[in-house]
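This is what each chain is made of:
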Amino acid sequence: GMYKYQHVSEWYIVACPRAANPYDADLQSHPYPHDYPSQMVKLANALLQVASTHQNKTVVKVKIGIHFGAAAGVVLGKHRSFYALYGNTINT
């Protein structure tokens, strides 16, 4: 599955399992799985389906972008540490 990393304002950032486990030497040593982009598309379709069947009077607007490329991750914070992704792939 995919992993929700963080949310910024009204955005949720979701990344593939490889990015979620930067210290897993076994996972990182294998070639990059080519099914990650199709898994992201499946997740996007599922999110659109959920939004379209929302039963409230409030309109749910969904904007989805899928980006593929290099990113860097870092653990931030001393007391409330969290893992964050950075790079042009994340920023665009």
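Going by the structure above, here's the rest.
In this text, all values refer to a predicted model and were calculated from it rather than measured experimentally.

(A) View of the overall build of the chain. When helices and strands are counted, the chain shows 4 helices and 4 strands. Its helices and strands in sequence order give the chain the pattern β-β-α-α-α-β-β-α, from N to C terminus. Here the chain, with 92 residues, has 16% of them falling under the buried criterion. The long-range fraction of contacts in the chain, counting pairs at least 24 apart against all pairs at least 6 apart in sequence, stands at 27%. Accessible area for the chain stands at about 7,400 Å²; split by element, carbon and sulfur atoms hold 57% of it.

(B) Main features of the pairing of strand E3 (residues 72-76). Pairing of E3 with strand E4 (residues 82-86), which is carried by 5 bridges, proceeds in the antiparallel orientation. Residue pairing in the sheet places Val 74 in a bridge with Ala 84 of E4. Taken together, E3 and the strand that follows it, E4, pair antiparallel across an intervening segment of 5 residues, in which Gly 77 is found at a positive phi of about 95 degrees.

Conventions and cut-offs
- Residues numbered from 1 in each chain as written.
- Predicted model: local features only at pLDDT ≥ 70, side-chain atom pairs only at ≥ 80, totals over all residues.
- Heavy atoms only, no water.
- Helix = DSSP H or I, 4+ residues; strand = E, 2+ residues; numbered from the N terminus.
- Buried < 20%, exposed > 50% of the residue type's maximum accessible area, 1.4 Å probe, protein only.
- Contact = heavy atoms within 4.5 Å.
- Areas by Shrake-Rupley, 256 points an atom, 1.4 Å probe, with all protein chains shown as cover.
- Pairing = 2+ DSSP bridges.

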